[in-house]
Amino acid sequence: FSYMKAHDWEADNMAQVDGTEADINNPGGYDAVNRYGDEDTDGNLNDVSDDFNQNYLTHPGLGKFYRTGYMEKDIVDYNTNNLKFSSSLHYKLNPDVEMMYKLNYGTGTTVYQGDNRFSLKNIQFLQNIIEIKQEDEFFVRAYRSQENAGDSYDAVFTAIKLQEHNLITNADWYSQNLNSYKNNWRDNFEWEDFEWEAAEYSVITEQWTFQGNPIDINEWIQMSDSLLNENAEEIIALHDLTRSQTDLLTNRLEPGTEEFANALNDITSRISFLEGGTGFYDKSALNHIHSEYQFNPSFLSIKIGTNFRQYSPDSKGSIFMDTASKISNTEYGVYSGFEKDLFYDKLKINGTFRMDKNENFDFNFSPAASLVYKATETDIIRFSLSSAVRNPTLSDQYLYYNVGRAILTGNLNGHGEDYGENMVTVQSLINYYLPSKKVKDSLSFFSVDPIRPEKAKSAELGYRTTLFNKVYIDANYYYSKYTDFIGYKIGVKFNAQDTIINGQQGYQIYMPSIQAYRMAANAENTVTTQGASIGLNYYINSNFTLNGNYSWNKLNEKGTEDPIIPAYNTPEHKYNLG
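Residues numbered from 1 in each chain as written. Predicted model: local features only at pLDDT ≥ 70, side-chain atom pairs only at ≥ 80, totals over all residues. Heavy atoms only, no water.

A. Main features of the overall build of the protein chain. In terms of helices and strands, the protein chain carries eight helices and 31 strands. What you see for the protein chain is a C-alpha radius of gyration of 31 Å, clearly larger than the 25 Å of a compact globule of 578 residues, by over 25%. Taking the principal axes of the C-alpha coordinates as reference, the protein chain spans close to 105 × 55 × 45 Å. By the burial criterion, 38% of the 578 residues in the protein chain qualify as buried. Considering only contacts in the protein chain between residues 6 or more positions apart, those separated by 24 or more positions represent 63%. Working note: accessible area of the protein chain is about 32700 Å², and carbon and sulfur atoms make up 52% of it. For the protein chain, the distance from the average position of its 48 positive side-chain charges to the average position of its 79 negative side-chain charges is 12 Å. (Helix = DSSP H or I, 4+ residues; strand = E, 2+ residues; numbered from the N terminus. Rg over C-alpha atoms; globule rule 2.2 N^0.38 Å. Buried < 20%, exposed > 50% of the residue type's maximum accessible area, 1.4 Å probe, protein only. Contact = heavy atoms within 4.5 Å. Areas by Shrake-Rupley, 256 points an atom, 1.4 Å probe, with all protein chains shown as cover. Lys, Arg positive; Asp, Glu negative; His and termini not counted. Charge placed at Lys NZ, Arg CZ, Asp CG, Glu CD.)

Shown next as structure tokens:
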């Protein structure tokens, strides 16, 4: 039994999120790492920087602007606690055969970093294990793992929902901010040598004019930028004033108030998707059975084994695609291996063969073999060739989760043009909006095939020795080649002609439908990795040892130029000393 209680570190990183456009010096704000709700998720509704009329005539200096957002400390509980309990009962059926029952239980509250920042609140885990075994002979093991998300919720999505709590959408806030900025500009800035709104555009001549005279837009922009830069502090103050007014006019919930606390509790206590909140419902379970038997005839050692696993996710649509019906996923595998000593135990040969089957994928086979040569009592050389299969996870298959910027989705059935969806690349959508006249041909449509198991083949060479009876060295090198490497692709489901009908006045307007997705996907090309490691122990005397190791792991650039984002998070350099 163990219990831990602590106040966790507070995430308050105000740096610009990698890959976002506006930096921390942008007068209209920016997207900060641990401030949520300030994300740019609505196309260009909060950006007038490319609009000459708005950015240089009616709203000079407005540019790109962001919502106020909420700091993580306003949304999550940093008071962490963790309770763990474990108990087991062992019974010997005879001197060699043992039977065991084990119970593991855990519960706690903490803040977790995954695809978003999550407040894990009152989570629970329960595991029951039964096993019967005889050492070096056989075992049969069965266990069931169950989990309960408790009162957990998504911190980032909660901030977005808090901003919408008083029925204020991003579009509403952006519109109000535009109007307030325009009024504040008129009230606070008067430059006699520059009448900001006096320029006009003629549809007939397709020219801008000022007091009846044609003007050069580029010269106008340069003059405007120069004047705005000379008054940078005033522009920042104008943005701050406008933001405060817009938050007040749109009834922004203020942290620390009773209204904010009530709204936070209301949003996080309701399940996302089903009830419009940000809470998780997760009572998923996993059943697993694994057995192995070892033969030991005089000439070699043989093992055979089998396993069966059943996943039973239950999230009611808050995490997986199980809103309408429950999901069940099963897989099983069989394997066999042998080990043989030759040449008076100087050479050891090992071979294995495994077959795996997931109900959603074809049979997969993964053989492997290794040689270990004992040249001397202290010098040992090892070489292995192996293959492996990684079935797509439950998330790769069934995930459906909105993180604010995008929807993260599994990929059992494919996405994009070949599967009846208008999926376009992010960059082509940006290019589509750049010119004043939209050109459909600038959109790049694409498809993502259904997810497939990842397959790998590896070669490994190792050597270990002892020098001067004081220094122990172990070195290793590997090279791996992957096909169908699992990662992610990002695309946008885009429809430029979604119709909205105003029933009272009877007219139609067209609004683009834009939703970003991150989809599980396989690499189109072969992906290779390589790495090496070395460990060293120096025995000073019988009481003290100096030790250290270093490893290098590299995802090779060749083969990664396709749009996949590789699921490879191993640091290239890693070491420790002791």
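B. Looking closely at the packing of helix H3 (residues 170-188) against helix H5 (residues 232-249). The geometry of H3 relative to H5 is characterised by a closest axis approach of 9 Å and an angle of 130° between their N-to-C directions. As judged from the angle between their axes, H3 and H5 are oblique. The way H3 lies across H5 gives a crossing that is right-handed. Contact residues: H3 offers Trp-173, Gln-176, Asn-177, Ser-180, Tyr-181, Asn-184, Trp-185 and Asn-188, while H5 offers Ile-235, Leu-238, His-239, Leu-241, Thr-242, Arg-243, Gln-245, Thr-246, Asp-247 and Leu-249. For the contact of H3 with H5, the residue count by class is seven nonpolar, nine polar and two charged. (Axes fitted to C-alpha atoms, helices over the stretch in contact; angles between N-to-C directions. Parallel < 35°, antiparallel > 145°, perpendicular 65-115°, else oblique. Left-handed = near helix turned anticlockwise from the far one by under 90°. Nonpolar A, V, L, I, M, F, W, Y, C, P; charged D, E, K, R; others polar.)

C. How the structure looks around the packing of helix H2 (residues 155-163) against helix H6 (residues 258-269). Running from amino to carboxyl end, H2 crosses H6 at an angle of 125°, the nearest separation of the two axes being 10 Å. Judged by the angle between their axes, H2 and H6 are oblique. Remark: the crossing between H2 and H6 carries right-handed chirality. For the pair H2 and H6, the contacting residues are Thr-158, Lys-161 and Leu-162 in the first and Phe-260, Ala-263, Leu-264, Ile-267 and Thr-268 in the second. Classifying every residue of the contact of H2 with H6 by side-chain character gives five nonpolar, two polar and one charged.

D. Spatial organisation of the environment of Asn-82. Assignment of secondary structure puts Asn-82 in strand E4 (residues 79-92). On the accessibility criterion, Asn-82 (27% relative accessible area) is partly exposed. Separated by 40 residues in the primary sequence, Asn-82 and Asn-122 have C-alpha atoms spaced 9.3 Å apart. If near-sequence neighbours (up to four positions away) are discounted, Asn-82 is found in contact with Ser-2, Tyr-3, Met-4, Thr-107 and Gly-108.

E. Expanded view of unusual backbone geometry. The phi torsion at Leu-167 lies on the positive side, around 60°, for a residue other than glycine. Within the fold, Leu-167 resides in the loop between H2 and H3. Of note, the phi angle at Asn-469 is positive, near 60°, even though the residue is not glycine. Mapped onto the fold, Asn-469 is located in the loop between strand E24 (454-467) and strand E25 (471-483).

F. Geometry of the side chain of Thr-409. With respect to the helices, strands and loops of the structure, Thr-409 is situated in strand E20 (residues 407-409). Beyond its immediate sequence surroundings of up to four residues, Thr-409 is in contact with Met-321, Leu-399, Tyr-400, His-415, Tyr-517, Arg-518, Met-519 and Ala-520.

G. Structural detail: a nonpolar patch on the surface. The grouping of Leu-371, Tyr-373, Ile-381, Phe-383, Leu-385, Leu-461 and Tyr-463 at the surface amounts to a nonpolar patch, some 620 Å² of accessible area in total. When contributions to the nonpolar patch are tallied by element, the ones reaching two or more residues are strand E17 (368-374), strand E18 (380-390) and E24. For the nonpolar patch, the leading source of residues is E18, giving three residues. (Patch = residues over 30% accessible without salt bridge, like charges linked within 9 Å, V, L, I, M, F, W, Y side chains within 5 Å. Salt bridge = Lys/Arg side-chain N within 4 Å of Asp/Glu carboxyl O.)

H. Molecular detail of the pattern of salt bridges. The final tally for this structure, using the stated rule, is 18 salt bridges. In this structure, Glu-339 and Lys-348 form a salt bridge, with 3.8 Å as the shortest nitrogen-oxygen distance. Through salt bridges that share partners, Arg-452, Lys-455 and Asp-484 make up one connected network.

I. How the structure looks around the packing of aromatic side chains. All chains considered together, the criterion is met by 10 aromatic pairs. Where Tyr-70 meets Phe-260, the ring centres are 5.4 Å apart and the plane angle is 50°; that geometry is what we call tilted. Here Phe-260 lies in helix H6 and Tyr-70 lies in strand E3 (residues 70-71), a separation of 190 residues in the sequence. Judged on exposure class, the residue Tyr-70 and its partner Phe-260 are both buried. (Phe/Tyr/Trp six-rings, centres within 6.5 Å; stacked < 30°, edge-to-face > 60°.)

J. Quick peek at the pairing of strand E7 (residues 138-148). As judged from the 11 bridges shared by strand E6 (residues 117-134) and E7, these two strands associate in the antiparallel manner. Looking at the pairing, Gln-124 lines up with Asn-148 of E7. Count of turn residues in the E6/E7 antiparallel hairpin: three residues, of which Asp-136 carries a positive phi of about 60°. With nine bridges joining them, E7 and strand E12 (residues 285-295) adopt antiparallel strand pairing. Looking at the pairing, Arg-141 lines up with His-290 of E12. (Pairing = 2+ DSSP bridges.)

K. Quick look at the nonpolar core. By size, the foremost hydrophobic cluster in this structure holds 19 residues, and its most contacted members are Phe-280, Phe-320 and Tyr-401. Those elements giving two or more residues to this core turn out to be E6 and helix H7 (394-398). By residue number, the principal contributor to this core is E6, which donates four residues. If we skip the residues at most four places from it in the chain, Phe-320 touches Pro-313, Ser-315, Ile-327, Leu-394, Ser-395, Tyr-398, Leu-399 and Tyr-400. (Core = buried A, V, L, I, M, F, W, Y, C linked by side-chain atoms within 4.5 Å.)

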